[in-house]
Amino acid sequence: MFASWQQSGDTSARESSGPLRSIPGAWPGIALLCALLTACGGGGGSVEAPQATADPLTAFTQQKLDWQACDPQRLGEGSAQDLAMFPQRARCARMRVPVDYDHPGQGELQIELLRVAAAQPQRRLGAIVLNPGGPGADGLGAALVSAAQWTQASPERVGSAQLREMSNRYDLIGFSPRGLSTGNPLFCDVAGTLETQDSLTFNRSAENLQHAQSNARVIAQACADNPLIAHIHTEGTARDMDLIRAVLGEAQINYIGYSYGTWLGAWYARLFPQRVGRMLFDSSINTQERLDDQLVQQEMGKQRILDEIMLPYAERHQHQLALGSAASLREALLALPPSLKEALFDRMDFMHSAQLERTVLRMSAAIGLDRLVRDHPSAQGQELATLVRNHIFSPLPQTNAALVPLALELIGAQEQDENLALQKNLVAVDAQGKMRLLPTLTVNLSVRCNDTGSQGDEQYWLDVSRDHVARYPMVGGRSVLKPCIHWPTPPRKMPPQPVGQGPQILMLQSRYDGSTPFEGAEATLAALPNARMIVVENDYMHGLFPYGTDCVDGQVAAYFLQGTLPPRTSSCAGKPLAGNAGA
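Here the residue index of a chain counts from 1 through its sequence in written order. In keeping with the model being predicted, local features are shown solely for residues with a pLDDT of at least 70 and side-chain atom pairs are shown and tallied solely at 80 or more, while totals for entire chains, interfaces and linings include all residues. The basis for every side-chain value is the complete set of non-hydrogen atoms in the structure, without hydrogens or water.

Student: For this particular structure, what's the right way to read the overall build of the protein?
Tutor: In this text, helices come from DSSP runs of H or I with a minimum length of four residues, and strands from runs of E with a minimum of two, each type numbered from the N-terminal end. Summing up its helical and strand segments, the protein has 21 helices and 12 strands in all. Counting only residues that meet the buried cut, the protein has 58% of its 583 residues in that class. By definition, residues are in contact when any of their heavy atoms lie within 4.5 Å. Across the protein, every contact between residues at least 6 apart in sequence was considered, and the portion connecting residues at least 24 apart equals 77%. Areas reported as accessible are Shrake-Rupley estimates using a 1.4 Å probe. Residue values count occlusion only from the protein chains shown. Accessible area for the protein stands at about 23,400 Å²; split by element, carbon and sulfur atoms hold 50% of it. Using a 1.4 Å probe on the protein chains alone, a residue whose accessible area is under 20% of its type maximum counts as buried, one over 50% counts as exposed, and one in between counts as partly exposed.

Now the structure itself:
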């Protein structure tokens, strides 16, 4: 997913996000080891004939990968079961890449690869490289997850046979983008002080805004001290992808990219248009705008989901929730105490429409908890928790049973939020209280800031923030925290569009996507004359494929299996929202 680490919201395997806070020195210490970038000498010898020009990448393109069994501990929870499904087909390796493709002899990095080989190699169509989004998301396990998902698709599921056929006929390749690999992780050590920072949506005090601006400067300076940040950008990752293609012996690259992965895929297609096979852009970023500046559009997208889907949904389910009209619920949410609003909206899921019912229940729990606290203003800690457990939030037993744990979660949210950056694997703190920014965060920042840069200064983004708080009062205003305007390295430019029609790319987009809004996908489509876009209506799912309907999965599979493309633009019906049947 397209991740903004200062943005809030539930996370998934495709996104890491959340507000960054000051880390108290009393937090448990974490032992840290520095990762050193080791420069290696050039791989070529002297040129014997002046007229012959040696390929400077030969030492990299001709390397032989040592494919070994994958380490489930490296891949994370659930991977052992998935690996057991492919005892012979799933293998992992490390690949050497240049630190700087303009000077490939001046140093190298390692990236990690995972391949799930085609189940029917005699019918193999090629390899599909996958990127799950980010920037800052590790894509190593993406091939394994997709292979398991496609292979295990229930026979009763629409399109299951086509998904299995894709697994039969394609190798699936996942990789850790540069800066995320365990071989050369990108760390930034904070020398200054990060100030305590509250929600930039709900605490608009001058002090809080100044703290955010100060934190942006400190974070940018922390990364300025690591020379590797100049080489962590989409251009480098796209060239790494082409090196993967070359080392695997593929003439063309096939690709599935989600969210930020669509930006990466577009960059690759501009660099190497003749090497593009079949590409799916799922939940597309606007490739016509700066990468970092687009983050503010998420605020518009999320507020739209709230106003046009979530609140009307709650109104339609009065029998269950009794939250009143959409307008009255909106006012009730805005009237919550700032700390409770922050806890609520930090935990609302704007990415997965299947979680809509739970998200609206969370709103109901927050409103019920606020009423309970107003009736018992002195209650705290265990006393308040006991009141919640004994409180009747809803006369419907099943609904009440769902609301009680959500209300208990909100009680402890403020204390948990103080540790949120640690919990989301964004920072680590040693025994002396020294903070280190971890690769999930540092790669996110480096790519956002190195790719096309940002615009304006602190005052510009403060003005944007004020405007967005007025327009999007429940999710807006976070652009005050803007490290990219202080970033030490010059921005890169996305390569120009290739002359002519360009590759035949398939795009997939939900109409109400909040993380990569529909307007941005339209702009990307307009810039790709030979692309096609399928729009999933009445849904805000971010990251769609496989979706579970023949209209979506059937067309995507037909594209990868037969090369069949739909019309320039077409629509598929979204799946019914939870609880909407008969509503």
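Student: Is there a simple way to think about the sheet that holds strand β12 (residues 569–572) in this case?
Tutor: What links the strands of a sheet is backbone hydrogen bonding, and the strands pair in either a parallel or an antiparallel sense. The mixed open sheet is built from nine strands, whose spatial order is β1-β2-β4-β3-β6-β7-β10-β11-β12. The sheet is open, and its two borders are formed by β1 (90–98) and β12, each paired with just one other strand. Taken pair by pair, the neighbouring strands of this sheet meet at an average axis angle of 20°, ignoring direction. We treat two strands as partners when DSSP finds at least two bridges between them. Summarising the sheet, strand β3 (residues 126–131) and strand β4 (residues 170–175) pair through four bridges and their orientation is parallel. Looking at β4, one finds that Ala-127 is bridged to Asp-171. Every angle, taken between N-to-C directions, lies between 0 and 180 degrees, and every axis is a line fitted to C-alpha atoms, over only the stretch in contact when it is a helix. Relative to the sheet, helix α4 (residues 142–151) contacts β2 (108–116), β3, β4 and β6 (253–258), its axis offset from that of β4 by approximately 140°. Against the sheet, helix α21 (residues 550–562) engages β3, β4, β6, β7 (276–282), β10 (505–510), β11 (532–536) and β12, with an angle of about 165° to β7.

Student: How do you make sense of the side chain of Thr-442 when you look at a structure like this?
Tutor: Here Thr-442 lies in helix α18 (residues 439–450). Taking the relative accessible area as the measure of exposure, Thr-442 reaches 0% and is therefore buried. Once you skip the residues sitting within four places of it in the chain, Thr-442 turns out to touch Leu-186, Phe-187, Cys-188, Cys-223 and Leu-437.

Student: Help me understand the environment of Asp-307, please; the structure alone is not making it clear to me.
Tutor: In this structure, Asp-307 sits in helix α9 (residues 295–316). Distance in space between the C-alpha atoms of Asp-307 and Ala-327 is 8.9 Å, their sequence separation being 20 residues. For Asp-307, the residues in contact, after removing those within four places along its chain, are Pro-312 and Arg-330. Under this definition, polar contacts are N or O atom pairs within 3.5 Å; protein pairs additionally need one hydrogen-donor-capable and one acceptor-capable atom, and for neighbouring residues in sequence, both atoms have to be side-chain atoms. Only 3.1 Å separates the side chain of Asp-307 from the side chain of Arg-330, close enough to count as a polar contact.

Student: Can you help me understand the confidence of the model for the protein in this one?
Tutor: If pLDDT is low for a region, its predicted coordinates should not be looked at in detail. Looking at any residue, its pLDDT shows the predictor's confidence there, from 0 to 100. Overall, the predicted model of the protein reaches an average pLDDT of 88, with 88% of residues at or above 70. Scored below 50 in pLDDT, residues 4–50 shows 129 contacts in the model against residues more than four places distant or in partner chains.

Student: How do you make sense of unusual backbone geometry when you look at a structure like this?
Tutor: Generally, phi is negative for residues other than glycine and the peptide bonds are trans, each holding for most cases. Note the cis peptide between Gly-134 and Pro-135, where omega equals -5°. With respect to the helices, strands and loops of the structure, Pro-135 is situated in the loop between β3 and α4. The amide bond that connects Phe-545 to the next residue, Pro-546, takes the cis arrangement and shows omega of -5°. Positionally, Pro-546 belongs in the loop between β11 and α21. In this structure, Ser-259 is a non-glycine residue whose phi angle is positive, near 55°.

Student: It is not clear to me how the packing of aromatic side chains should be interpreted in this structure. Could you clarify?
Tutor: To describe a pair of aromatic rings, you give the distance between the ring centres and the angle between the ring planes. Side-chain rings of Phe, Tyr and Trp, where Trp is taken by its six-membered ring, are said to pair if the distance between their centres is within 6.5 Å; with planes under 30 degrees apart they count as stacked, over 60 as edge-to-face, and otherwise as tilted. Overall, the coordinates contain seven aromatic pairs when judged by the stated rule. Taking the centre distance of 6.1 Å and the plane angle of 90° together, the rings of Tyr-170 and Phe-560 count as edge-to-face. Of this pair, Tyr-170 sits in strand β4 while Phe-560 is found in helix α21, placing the two residues 390 residues apart along the sequence. What makes Phe-560 buried here is its relative accessible area of 0%. Seen in terms of ring centroids, Phe-202 and Phe-345 are 5.9 Å apart; in terms of plane orientation they differ by 45°. Their pairing is tilted. Taken together, the residues span a long stretch of sequence, with Phe-202 in the loop between β5 (188–189) and α6 (206–224) and Phe-345 in helix α12 (residues 338–346) at a distance of 143 residues. The same class applies to Phe-202 as to Phe-345, namely buried. Ring pairs connect the aromatic residues Tyr-170, Tyr-559 and Phe-560, which therefore count as one cluster.

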